[in-house]
Amino acid sequence: MSKTWVLRTAGERLALKLPLRTLTTIAGLALFLAVSAFVSLSLGTRDTSPLAVWQALTGDTELSLIVREIRLPRVLLAIMVGAALGIAGLLLQGLVRNPLASPDVIGITTGASAAAVLLLTLGIAPQGSPLLPAGAIAGAFVVALVILALAWERHMSPGRLILVGVGIAAAMGALITLMLVMSPDTTAMNAYLWLTGSLYAAQWGDVLGLLPWLVVFLPLALGSARHLDVMAMGDDMATGLGSTLQRNRLILLLAAVALAGSAVAFAGGLSFLGLVAPHMARNLLRSGSAAMALAAALIGGLILLFADLVGRIGFLPRDLPAGVFVAGIGAPWFVYQLYRLRR
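In short, a report on the structure. (Residues numbered from 1 in each chain as written. Predicted model: local features only at pLDDT ≥ 70, side-chain atom pairs only at ≥ 80, totals over all residues. Heavy atoms only, no water.)

**Things to note about the overall build of the protein**
The secondary structure content of the protein amounts to 14 helices and two strands. Expressed as a percentage of its 343 residues, the buried residues of the protein come to 52%. Considering only intrachain contacts with a sequence separation of at least 6, the fraction spanning at least 24 residues in the protein is 72%. On the protein, roughly 15800 Å² of surface is accessible, and the fraction owed to carbon and sulfur atoms is 67%. (Helix = DSSP H or I, 4+ residues; strand = E, 2+ residues; numbered from the N terminus. Buried < 20%, exposed > 50% of the residue type's maximum accessible area, 1.4 Å probe, protein only. Contact = heavy atoms within 4.5 Å. Areas by Shrake-Rupley, 256 points an atom, 1.4 Å probe, with all protein chains shown as cover.)

Listed below in structure tokens is the structure:
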């Protein structure tokens, strides 16, 4: 039994035939995410009953400021950033045909982080400045162009792309370390906190700043993800089936860079999220890449939402960065995937 979804992306009519089990799984993930978000709104330094949260969301009460202006933007930003990194990781893993690829592994996240740290250390964009996310997004795109230029030889090879990306990531990491060492202690501390990945003091401006990137590039990513299924058969087979490989690869890379760069710009250098979410989606679904992209987005939002919740209420009165707990999940998962590949 199957159901057909019809989406329109980039002027193209796209039909996705999803089995009932896949639809049920995706709907279950979406419901779990919605419930988790509502529960997260009720937890904090001052716990709030679900009824009081609902009243604060729908009317003006004494808790409206806490729920609507402090907790709600942070919850929404966690879901949006997690979704963007989850889909970006799945696109990159399919693009380079390597299950260990992710935005931070091939240098996109590191490029955004390097640009942000440069602005922080030079004093051009202090913490909270609107120039900081703009610089981070620009850094992600510049590094992506450098990787593409170095990896391009008559066409874009997935193997060269990941090798060049790993090298660029290492170079950007060294540059970040140099800037931190050379900068004053206060600036280095702010930069290090940003590099860890934190949703602390998230505001509606952050949500609205990230929203246009998701509105444009999430549909593009979902519409283009189906090409990954053809690419997985190999270049010769994909070309024989009529796929325009280089064009599709460039679109997929553009969508992945835009989603990863914009997410990192508003939440800092979160590691491993783009690696873990796609693998969990594959473990849940045995479907096409478009359905797995939806699942990866929902799982990425869940992971970051719970990581931020633990950092927010698990060590009161401290508010720890969500990136600490994402890395705590992602690093063991990375080792586990290496073990599976070795077997």
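**Details of the packing of helix α4 (residues 108–122) against helix α7 (residues 185–196)**
Axis separation between α4 and α7 bottoms out at 10 Å; the angle between their running directions is 155°. Viewed along their axes, α4 and α7 adopt a mutual orientation that is roughly antiparallel. Helix-helix and strand crossings are classified by hand; for α4 and α7 the assignment is right-handed. Contacts from Ala112, Ser113, Ala116, Val117, Leu120 and Thr121 in α4 reach Thr187, Ala191, Trp194 and Leu195 in α7. Residue composition of the contact of α4 with α7, grouped by class: seven nonpolar, three polar and no charged. (Axes fitted to C-alpha atoms, helices over the stretch in contact; angles between N-to-C directions. Parallel < 35°, antiparallel > 145°, perpendicular 65-115°, else oblique. Left-handed = near helix turned anticlockwise from the far one by under 90°. Nonpolar A, V, L, I, M, F, W, Y, C, P; charged D, E, K, R; others polar.)

**Brief notes about the layout of surface pockets**
The volume enclosed by the second largest pocket comes to roughly 360 Å³. Taken together, 17 residues form the lining of the second largest pocket, with Thr110, Ile176, Leu195, Gly269 and Ser271 sitting closest to its centre. Listed by contribution, the elements that provide at least two residues to the lining of the second largest pocket are α4, α6 (158–182), α7 and α14 (322–342). Per-element accounting of the lining of the second largest pocket gives the leading share, four residues, to α6. Here the residues of the lining of the second largest pocket sort into seven nonpolar, nine polar and one charged. (1 Å grid on protein atoms, 1.4 Å probe; cavity = no way out; pocket = protein on both sides within 12 Å on 5 of 7 lines; lining within 4 Å. Points joined across faces, edges and corners; volume = space filled by probe spheres on them.)

**Thoughts on helix α12 (residues 273–284)**
With twelve residues, α12 ought to run about 16 Å at 1.5 Å a step, and its terminal C-alpha atoms sit 17 Å apart, in line with that. Inspection of α12 places Leu273, Gly274, Leu275, Val276, Ala277, Pro278, His279 and Ala281 among the buried residues, and these make up the whole buried set. (Expected span 1.5 Å × (residues − 1).)

**Remarks on the side chain of Thr110**
Relative to the assigned elements, Thr110 resides in helix α4. Excluding residues within four positions of it along the chain, Thr110 makes contact with Asp104, Ala169, Met172, Gly173 and Ile176.

**A short note on the packing of aromatic side chains**
This structure, assessed with the given rule, holds four aromatic pairs. Plain terms: the ring middles of Phe315 and Phe325 are 5.8 Å apart, the flat faces sit at 25° to each other, and that makes the pair stacked. Of this pair, Phe315 sits in the loop between α13 (289–313) and α14 while Phe325 sits in helix α14, and the two are ten residues apart along the sequence. Residue classification places Phe315 among the partly exposed positions, given a relative accessible area of 39%. (Phe/Tyr/Trp six-rings, centres within 6.5 Å; stacked < 30°, edge-to-face > 60°.)

**Quick word on the environment of Ala144**
Relative to the assigned elements, Ala144 resides in helix α5 (residues 131–151). A relative accessible area of 11% places Ala144 in the buried class. Linking Ala144 and Gly111, residues 33 residues apart in sequence, is a C-alpha distance of 8.1 Å.

**Considering the nonpolar core**
Nonpolar side chains tend to gather and get buried jointly when the protein is soluble and globular. Among the nonpolar cores identified, the biggest contains 107 residues, and Leu77, Val81, Leu85, Leu91, Trp194, Leu259 and Leu304 are the most heavily contacted of them. Among the elements that make up this core, the one with the highest residue count is helix α3 (residues 64–96) (18 residues). Not counting residues within four places of it along the chain, the set of residues in contact with Leu304 comprises Ala78, Val81, Gly82, Leu199, Leu270, Leu273, Ala322 and Val326. (Core = buried A, V, L, I, M, F, W, Y, C linked by side-chain atoms within 4.5 Å.)

**Regarding unusual backbone geometry**
Although it is not a glycine, Phe272 sits at a positive phi angle of roughly 75°. Residue placement: Phe272 occurs in the loop between α11 (245–267) and α12.

**Some words on the environment of Pro184**
Inspection of the secondary structure puts Pro184 in the loop between α6 and α7. Looking at Pro184, the relative accessible area reads 51%, which means it is exposed. Taking C-alpha positions, Pro184 is 8.0 Å from Thr121, a pair spaced 63 residues apart along the chain.

**Brief notes about the pattern of salt bridges**
Summed over all chains, the structure comprises three salt bridges. The salt bridge involving Asp60 is made with Arg68; its shortest N-O contact spans 2.8 Å. A relative accessible area of 71% means that Asp60 is categorised as exposed. Salt-bridge contacts for Asp319 lead to Arg74; the nearest nitrogen and oxygen are separated by 2.9 Å. On the criterion of sequence distance, the pair formed by Asp319 in the loop between α13 and α14 and Arg74 in helix α3 is long-range, its members being 245 residues apart. Through salt bridges with shared partners, one network takes in Arg74, Asp308 and Asp319. (Salt bridge = Lys/Arg side-chain N within 4 Å of Asp/Glu carboxyl O.)

**Some words on α11**
Taking 1.5 Å as the rise per residue, α11 with 23 residues should run 33 Å; its terminal C-alpha atoms sit 33 Å apart, in good agreement. In terms of burial, α11 is a largely internal element, 18 of the 23 residues being buried. Note on α11: the residue one or two positions beyond its end, Gly268, has a positive phi of about 90°.

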